[in-house]
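Examination of the molecular architecture
Residues per chain are reported as follows:
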Amino acid sequence: MPTEGRMKKLGLMAFKVIQLFVLATWSLWLFPVVWILSRLYHQRPPNMVYDSQVLRYLRYAWTATPQNPPMDVGTRIWLTLCIVQQFFQSPISGLAWLLDEVLYGQQLDAKNIDTPFFVISAGRSGSTQLTRYLEQDPIFVAPNILMCLFPYLWLWKLVPLTIGKVWTQDAVREFIMKQMPPESLERHEMDPFQADTFDVAFMGIHLGFLSLYMGPVIGAMEFSMADFAPHNQSLVEKDYIQFIDRIARKTMLYNGKNTTMQQQQPERRFYLKGHFLLAAPALAQKYPSCTMVTVVRDPLRRLQSTINFLRVNPADPYLGHVPWTWLTQALVETEARYCEVEYSFFASANNDENDDTNNDPTTGVNKCVIRFDDFVQDLEGCMSKVYKECLGRDDVHHHIPNRHDHSRNRSNYSVNKSLEELGVDQDIYRRRVHHYIRWIEEDLKKQHAKTT
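Residues numbered from 1 in each chain as written. Predicted model: local features only at pLDDT ≥ 70, side-chain atom pairs only at ≥ 80, totals over all residues. Heavy atoms only, no water.

Attention shifts here to the packing of helix 5 (residues 127-134) against helix 18 (residues 379-391). As a packed pair, helix 5 and helix 18 sit with axes 12 Å apart at the nearest point and diverge in direction by 70°. In terms of orientation, helix 5 lies roughly perpendicular with respect to helix 18. In the packing of helix 5 onto helix 18, the handedness of the crossing is right-handed. Facing L130, Y133 and L134 of helix 5, the residues of helix 18 in contact are L379, M383, V386 and Y387. (Axes fitted to C-alpha atoms, helices over the stretch in contact; angles between N-to-C directions. Helix = DSSP H or I, 4+ residues; strand = E, 2+ residues; numbered from the N terminus. Parallel < 35°, antiparallel > 145°, perpendicular 65-115°, else oblique. Left-handed = near helix turned anticlockwise from the far one by under 90°. Contact = heavy atoms within 4.5 Å.)

A rise of 1.5 Å per residue sets the reference length of helix 21 (residues 434-451), with its 18 residues, at 26 Å; its end C-alpha atoms lie 25 Å apart and thus fit the reference within 8%. Of all bends in helix 21, the biggest is about 30°, found at I440. Within the span of helix 21, buried status applies to Y436, I437, W439, I440, L444 and H448. (Expected span 1.5 Å × (residues − 1). Bend = angle between axes of the 7 residues up to and from the residue. Buried < 20%, exposed > 50% of the residue type's maximum accessible area, 1.4 Å probe, protein only.)

The biggest cluster of nonpolar side chains holds 94 residues, and the ones touching the most others in it are F118, I120, F198, M214, F276, L283 and M292. It is helix 16 (residues 324-346) that contributes the most residues to this core, eleven residues altogether. Not counting residues up to four positions away in its chain, the partners in contact with L283 are F118, I120, I241, I244, F276 and M292. One finds F140, F372, L379 and V386 within the second-largest nonpolar core, a separate group that totals 22 residues. (Core = buried A, V, L, I, M, F, W, Y, C linked by side-chain atoms within 4.5 Å.)

Moving on, we come to helix 4 (residues 73-110). Taking 1.5 Å per residue as the helical rise, helix 4 with its 38 residues ought to reach 56 Å, and the 52 Å between its terminal C-alpha atoms agrees with that figure. The largest bend along helix 4 measures about 85° and falls at Y104.

Right, dumping it as structure tokens:
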């Protein structure tokens, strides 16, 4: 006789099949509509999954052979249903995207994104706290995480006039927060109406969120934010950049001019925060006058925090949480690779001690690096560095505390496995990222002491 758990899983699978049937009947006729509009407006919506992606992930679902634990047939069927569901949702998302082009295409094309400001920092580095300070400065305009998840200007304008009149922001915030596990909220300062990690929006569209459920090998290849597999090159260098650029234009158009600022002050700057280091070179080419900021942290502490954080994120209703062993094996690779690429991309910005602007001579991109430890211990000094090097200002915005902000401390987690418990060989890991560690503990530490 099936156990209660098996009956629940069978019920979930049956409901998923019904969902797919209903979704397919609504979306199949949209494929030719989206194709025609794409031809008319000379663009393929970047929020549509590619057929090649669908086929690749279906192959992963049935050929992946992870161990400890192995993948059972039920998991493979569920993953297949999730992949097919994303395929059928795709033309709906694409049509919603193209509707913006129909309604606002000329206005969006006319918007200039001259000097965008990107916080491109590894997960669990303190970048969200940095964002909470910067986004309060009226010089910046940033899309909140809901705007990134639903990147449709027509929807942003429609919601306040309709459902927004009866479902307030506070009610939406409370509803979303109730869906989040308490263990996740312990680790992340979340507000759906503030800027947050942009990558979740793009990865959710393009199936990356499923990769960790397919074992550590596929997880390490498809979940990496440091660099991309060859088959993802066009996705990153074309679709990712198009997605960011259009969201930037929509955000600027939606927010309009900042009437509270004096005319002699510069125009507002688009702001985006995420872990998208893999797209940094393409962004630098697209916006040669942009600013890129990163927060660097001890890689072993960050690795531990990242594994635990991903483990306590909302779980798939059928699959549950990604197994600890899969998470650990995948993230040991992706996080080490992030350190290596981050060092290569940002370290040159700090090599010339006489260059206070930290401009990369090859691209003109303004790069700024701050240490997590300095950010915690010397908040005022770090924010002064960001304002001086990134904005050319000696003053920081008045909302920024002049000392450590204890209200944003994160500690005493309910779930917090150590690297020893996770089976990470710390000596091997430390040797692999020794250049990165030396950069943080010697070079950047010395530079911070010198500037303060």
